[in-house]
Amino acid sequence: MLLTGAEITRQRRNGVIAIEPFTADQVEQNSYGFRLGHRLLSCDDEVYDAHRPLERIAPVEIPAEGVLLYPNRLYLGETLEIIGSTRYACELYGNLSIAALGVWIQVSAPLGHTGAIVRWTLEIRVSQPIRLHRGMRIGKVAFWSVNGDVVQYNGRYANSVAVTESRLCTEVAS
Amino acid sequence: MILSGLQIAREREAGRIIIDPFDESAVNPNSYNFTLSDHLIVYSDELLDASRENLTEEIRIPPEGLQLKANRLYLAATREVMGSEHYVPTFAARSSVARLGLFINLSAPLGDIGFIGQWTLQLYATHDVIVYEGMKIGQMMWWTTVGEIALYDGKYQHANGPRASMLFRNFR
């Protein structure tokens, strides 16, 4: 079952859900409206190789006047908030206002595992050139109750506090 | 938990889910197939700014259909007014539509409890495709909740036709 906004607030008070920073006016009917963080990363490799580390590029700070994004290019952004739960699974979606501007905030990967309490990396893609601003309300995180014994996430992105590029290459048998 | 199609029809009968107009043949095992209205909007300018109001232009889908260009954003709407004060709605493309390479939302499937209106769809084709008014384009699902319910009363409530983004209002 999906948690209502009141239940998200209550379980955060109980310490079962983490959302930091948290403001009551970002609580929605059945989600919490998260904001775009300050760092953005875009890799320059002409070809991404699932078996090799990407050319590491330091994330750039989004300036006060915003950042211009272009179509046909993948940008990695981050949530401003640290979000997660030791009891629930979560899913991160765009909100209507950002989707109606032609912006994806993830590329078919909405699921956040129980136990992952992190600053989430967003896969941002745009359908036409657009200026985005740091701190803008960009998405909705929803929490799902879990059926069965709960296992805590301990994967390669555990404890992420900043935008993180794909580490799929670490999966390759050496 | 997700509602079954039978339960969606039952809850609609009981007034706990709104789907108007309603067509019994559009009920699926876990969803309801909604249809495309003839009303589309596109942004007038190539460059958008999330902090400003972006101008739009209207397009109507003619009876012979409209060819959507690949890699271009069109905002569309459902013909049906849909919503619920009891269940959380999420929507997706029908598989048959997705197999034509057409997105109907851009990573934004989640609705709010209490929103009742025509839903804005983000049509984005990965391949040129002709669409028609009234085609069954997507499916609405409903989920049960835990916790106290507060109803949506936001900026898109009672939407009639496609709505351009009102994100700029957050910047005032």
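Anyway, here's the lowdown on the structure attached to this text. This structure is a prediction, so every number in the text was calculated from the model and none was measured.

### Some remarks on the interface of chain A and chain B
Taken together, the contacts link 40 residues of chain A with 42 residues of chain B. At the level of elements, β1 (2–3), α1 (5–13), β8 (89–94), α2 (96–99), β9 (103–104), β12 (130–132) and β13 (137–144) of chain A are the ones that each hand at least two residues to the side of chain A that touches chain B. A class-by-class count of the residues in the side of chain A that touches chain B yields 19 nonpolar, 15 polar and 6 charged. Pairing of β12 of chain A with strand β4 (residues 48–49) of chain B, which is carried by 2 bridges, proceeds in the parallel orientation. Bridging across to β4 of chain B, R131 of chain A finds its partner in D49 of chain B.

### Some details on the nonpolar core
Counting residues in each nonpolar core, the largest one holds 78 residues, and the members touching the most others are L101, V103 and I130 of chain A together with A76, L123 and W142 of chain B. Examining the composition of this core, we find that 6 residues originate from one element, strand β7 (residues 73–84) of chain B, more than from any other. Apart from the residues lying within four places of it in its own chain, the contact partners of V103 of chain A are G94, I98, I124, V126 and I130 of chain A together with L106 of chain B.

### A few points about the sheet that holds β4 of chain B
The strand order β6(A)-β12(A)-β4(B) describes an open sheet built from 3 strands, whose pairing is mixed. The open sheet has two free edges, formed respectively by β6 (67–69) of chain A together with β4 of chain B, since each of these has just one partner strand.

### A word on unusual backbone geometry
For the peptide bond that leads from E20 of chain A to P21 of chain A, omega is -5°, which places it in the cis range. At N71 of chain B, a position not held by glycine, the phi torsion is positive, near 60°. Residue position: N71 of chain B is located in the loop between β6 (66–68) and β7.

Conventions adopted
- Note that residues are indexed from 1 along each chain, following the sequence as it is written.
- Both sets of labels track the order of writing: A upward for chains, 1 upward for ligands.
- The predicted origin of the model limits local features to residues at a pLDDT of at least 70 and limits the giving and counting of side-chain atom pairs to 80 or more, whereas totals for whole chains, interfaces and linings rest on all residues.
- Contacts here follow a simple rule: the backbone-placed C-beta atoms of the two residues must lie within 7 Å.
- Numbering of helices and strands runs from the N terminus, with a helix taken as a DSSP run of H or I at least four residues long and a strand as a DSSP run of E at least two residues long.
- Amino acid classes used here: Ala, Val, Leu, Ile, Met, Phe, Trp, Tyr, Cys and Pro are nonpolar; Asp, Glu, Lys and Arg are charged; the rest, including Gly, are polar.
- Here a strand pair is declared whenever DSSP counts at least two bridges between the two strands.
- In these notes, a nonpolar core means any group of buried Ala, Val, Leu, Ile, Met, Phe, Trp, Tyr and Cys residues linked to one another through C-beta atoms within 7 Å.
- Residues with at least 20 neighbouring C-beta atoms inside 10 Å of their own are called buried, those with 12 or fewer are called exposed, and the rest are partly exposed, where every C-beta is derived from the backbone.

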